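# Architecture and fold: a report
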Amino acid sequence: MIKLYNTLTKRNEELIPINGNIVKMYTCGPTVYYLPHIGNMRAYIFMDTLRRVIKYNGYEIDGVMNITDVGHLTSDADDGEDKMEKSAKRENKTPYEIAEYYTNIFFKDLEMLNIDIPEHITKATEYIPQMIEFIKKLEAKGYTYIIDDGVYFDVSKFQNYGQLSNKSLEDVGIGRVEENTSKKHPFDFALWKFVPESHIMKWDSPWGVGCPGWHIECSAMSGDILGDHFDIHTGGIDHLPIHHENEIAQNDCAFGHKVVEMWLHNEFVLVDGGKMSKSLNNIYTLTQLKEMGYEPLAYKFFCLNTNYTKKINFTFDAIKSAQISLNNLRKLVLEHKNGNYKISSEKITNYKSKFLEAINDNLNTPLAIGILFDMLKSEEKSIDVYNLAIDFDRVFGLKLSEIQQEKNTFIDIPDDILEMAKQRWNAKLNKDWKTADLLRDEIVKKGYKILDSKDGYEVVK
Ligand code: AMP
Ligand code: ZN
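We now turn to the structure provided with this report. All residue numbers here refer to positions counted from 1 along the written sequence of the relevant chain. All chains are assigned letters beginning with A, and all ligands numbers beginning with 1, in the order in which they are written. Selection of residues for local features in this predicted model requires a pLDDT of at least 70, selection of side-chain atom pairs for listing and counting requires 80 or more, and totals for whole chains, interfaces and linings are taken over all residues. The basis for every side-chain value is the complete set of heavy atoms in the structure, and neither hydrogens nor water enter the calculation.

### Quick word on the site of ligand 1
The full set close to ligand 1 counts 17 residues, and Thr31, Gly39, Gly236, Asp238 and Val269 are the nearest of them. Polar contact is defined as a pair of N or O atoms within 3.5 Å, subject to the rule that within protein one atom must be able to donate a hydrogen and the other to accept it, and that residues adjacent in sequence are counted only when both atoms are side-chain atoms. Here an oxygen atom of ligand 1 sits 3.1 Å away from a polar atom, N or O, in the side chain of Asn40. In the model, an oxygen atom of ligand 1 is placed 2.3 Å from a nitrogen or oxygen of the Asp238 side chain. Computed on the free molecule, ligand 1 has an accessible area of 490 Å², of which 92% lies beneath the protein chains in the complex. Working definition: residue near molecule or strand if any one of its non-hydrogen atoms lies within 4 Å of it. Using the Shrake-Rupley algorithm and a 1.4 Å probe, accessible areas are obtained, with residue cover drawn only from the displayed protein chains.

### Some details on the pattern of salt bridges
For salt bridges, the criterion is a side-chain nitrogen of Lys or Arg within 4 Å of an Asp or Glu carboxyl oxygen. Enumeration according to the criterion identifies 25 salt bridges in this entry. Linking Lys428 and Asp452 is a salt bridge whose minimum nitrogen-to-oxygen distance equals 3.0 Å. Highlighted residues: Lys428 in helix H13 (residues 415-429) and Asp452 in strand E14 (residues 449-453), separated in sequence by 24 residues. Only protein chains enter the accessibility calculation, which uses a 1.4 Å probe; a residue whose area is less than 20% of its type maximum is buried, one above 50% is exposed, and one in between is partly exposed. Assessed through its relative accessible area of 25%, Lys428 is described here as partly exposed. Look at Asp452 and you get partly exposed, because its relative accessible area is 22%. Counted as one network, the salt bridges with shared partners bring together Arg51, Lys55, Asp116 and Glu119. Secondary structure elements are defined from DSSP: runs of H or I of at least 4 residues count as helices, runs of E of at least 2 residues count as strands, and each element is numbered from the N terminus.

### Quick word on the packing of aromatic side chains
For Phe, Tyr and Trp, rings pair up if their centres lie within 6.5 Å, where Trp contributes its six-membered ring, and each pair is then called stacked (planes under 30 degrees apart), edge-to-face (over 60) or tilted (otherwise). Within this structure, the stated rule accounts for 23 aromatic pairs. Pairing Tyr284 with Phe316 gives two aromatic rings, centres 5.2 Å apart and planes at 85°, and the pair type is edge-to-face. Pair noted here: Tyr284 is in the loop between strand E12 (269-271) and helix H7 (286-291) and Phe316 is in helix H9 (residues 316-337), with a separation of 32 residues, a long-range link. Look at Tyr284 and you get buried, because its relative accessible area is 15%. Taking the relative accessible area as the measure of exposure, Phe316 reaches 29% and is therefore partly exposed. Ring centres 5.2 Å apart and planes at 40° place the aromatic pair Trp425 and Tyr457 in the tilted group. Here Tyr457 lies in strand E15 (residues 456-460) and Trp425 lies in helix H13, a separation of 32 residues in the sequence.

Structural data, given as structure tokens:
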């Protein structure tokens, strides 16, 4: 029984798929206007773990993730410029080139994190007809009105507006900037925005030339592929108060009933306890971390050590210990690969059920990792333990089955550097601090770094 925290009901609930053995799930994908940062990637690590847990329990998944390549304005509400058009101007490219460039980078990041890619990847620009149809449906039912800059959704017609974030229509202004428009209610949002001729991304519609609102994209794409009733919708917590509130309004009004059963949101990644921001120069990408010697999988491991519903604080000390801990995990796994002790089937069953209980308790990955470490440390070296660790890794996706005998990490370190590191470690054990320091300086000069821990060291590029 998989229990998940449903942000709609604010309770842990059992996942009971609507369609027997198939779980239908939609994930809000990235807006491909810039480099994805490590905070964004937490949302997809969360999606990955969720998919893996569902599959581990024997279900199949019909999953969709969109790529927002049009319509997301610089503010989540309806003001500001289109993020794609803005980047295109900055980089002197077309919005289509920008989308292609950053989509490729996003998929490389997913690959580096060994993320299980959803069955359908949908680009917003390829679903414009479905979006127009969706708006027409809402219009026919009387939920829309037209003003000077677009077609809007009239939230006052939807009694349940605000159910995710517990806001009422009287709470005007919360989370919103009052705009200079003739909208009827500040929560009303654009379904279709008219755009000037200069706009590159634009389409004909029954209401005039324009582009879709950001929220209609997800409703139209999920509706097209998953239908009018599906199991799970995921996204980052920042999407909850506006984007997902608006998706629910569109869905429920177009179809006349609840469309999504469970809403799941990942919490944010903070950096040094605060927000990531350009002005603080603390927005990191996976590639930057890699250049500093930290593997993308160490970042994934770092994320898995905190439940997705909790904020996580990224610091360089934290990623360093995640890298060391991942390397230790690999060492332990390898040691068991060559072990010939036989452990009892009761013990195996016991570990397996404890593990299953942890992951099925709203993806309690920190506990599941603890169970894995306990098992690896406390059992005699045994291929049975190795096999179980590889089985558990179907949920973590840390590529534990690909560890090589001699290498602790996947980053190649030249032999002369490894030799120097070994000499330094021996010097340290002999309390010959001078030699140890000299060797360390030499290693740093050559572009490598040594990470020490209680019981060993790692060399990173
Ligand atoms: P965007 O491209 O802005 O739509 O964001 C892509 C995904 O990253 C969304 O699910 C966001 O909610 C999520 N996200 C953005 N910033 C962070 C952060 N600092 N921590 C965790 N998730 C984030
Ligand atoms: Zn979305």
